[in-house]
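Structural description and commentary
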Amino acid sequence: MAFAFEKLHVYQKSVDFADQICTKTEEFSRGYGFLVDQLNRASLSIAANIAEGNGRFTKPDRRNFFGIARGSVQECVPLLELAFRRKLLTSQDHETLKSHLEEISRMLSGLINSLDNEEI
């Protein structure tokens, strides 16, 4: 792994989550392109903002990008709910993906909180 952020478990889990979303959305019915696009973008935004935040030099910059990543986690929740309600996801898939989001959200909160305890 060439970049420090690639060692972060939250980054690895967020890339896994985005990959799972890509796989699931390939199966969505025609007519739901808007949902496919938004869900793929939001899920990828989690990992992308973790990576970008890790590359920043100041705590406020890092905190901002990690916060944006956490916001993208939150954005995925109603998108998954709609996909479930439209029967594009099974109950099991919905619960599994939502559980992954909950874990990523907790990890991001920990990462953000760790910035307060970090020595300069």
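1. Some remarks on the packing of helix 1 (residues 9–25) against helix 4 (residues 91–117)
When two helices pack together, their arrangement is captured by the angle between the axes and the distance separating the axes. Helix 4 packs onto helix 1 with a crossing angle of 155° between their chain directions and a minimal axis gap of 10 Å. By the criterion of interaxial angle, the relationship of helix 1 to helix 4 is roughly antiparallel. Where helix 1 crosses over helix 4, the two elements pack in a sense that is left-handed. Note on element contacts: helix 4 touches helix 1 through Asp93, Leu97, His100, Leu101, Glu103, Ile104, Met107, Leu108 and Leu111, opposite His9, Val10, Lys13, Ser14, Phe17, Gln20, Ile21 and Lys24. Partitioned by chemical class, the residues of the contact of helix 1 with helix 4 number 9 nonpolar, 4 polar and 4 charged.

2. Some remarks on helix 3 (residues 59–85)
In this model helix 3 runs 40 Å from its N-terminal to its C-terminal C-alpha over 27 residues, within 8% of the 39 Å that 1.5 Å per residue would give. Considering only its buried residues, helix 3 is in contact with helix 1, helix 2 (33–54) and helix 4. With its phi angle positive at about 65°, Lys87 sits one or two positions after the end of helix 3.

3. Focus: the environment of Leu80
Counting through the fold element by element, Leu80 comes out in helix 3. On a C-alpha basis, the gap between Leu80 and Leu44 in space is 14 Å, while along the polypeptide they are 36 residues apart. The contact partners of Leu80, leaving out residues within four places of it in the chain, are Phe17, Ile21, Leu39, Leu89, His94, Leu97, Lys98 and Leu101.

4. Focus: the packing of aromatic side chains
Under the counting rule described, the total for this entry stands at 3 aromatic pairs. Taking 5.6 Å as the distance between ring centres and 20° as the angle between the ring planes, the aromatic pair formed by Phe3 and Phe5 counts as stacked. Overall, the relative accessible area of 15% leaves Phe5 in the buried class. For the ring pair Phe5 and Tyr11, a centre distance of 4.9 Å and an interplane angle of 75° mean the geometry is edge-to-face. The same class applies to Phe5 as to Tyr11, namely buried. The rings of Phe3, Phe5 and Tyr11 are connected pair by pair, giving a single aromatic cluster.

Rules used throughout
Residues numbered from 1 in each chain as written. Predicted model: local features only at pLDDT ≥ 70, side-chain atom pairs only at ≥ 80, totals over all residues. Heavy atoms only, no water. Axes fitted to C-alpha atoms, helices over the stretch in contact; angles between N-to-C directions. Helix = DSSP H or I, 4+ residues; strand = E, 2+ residues; numbered from the N terminus. Parallel < 35°, antiparallel > 145°, perpendicular 65-115°, else oblique. Left-handed = near helix turned anticlockwise from the far one by under 90°. Contact = heavy atoms within 4.5 Å. Nonpolar A, V, L, I, M, F, W, Y, C, P; charged D, E, K, R; others polar. Expected span 1.5 Å × (residues − 1). Phe/Tyr/Trp six-rings, centres within 6.5 Å; stacked < 30°, edge-to-face > 60°. Buried < 20%, exposed > 50% of the residue type's maximum accessible area, 1.4 Å probe, protein only.

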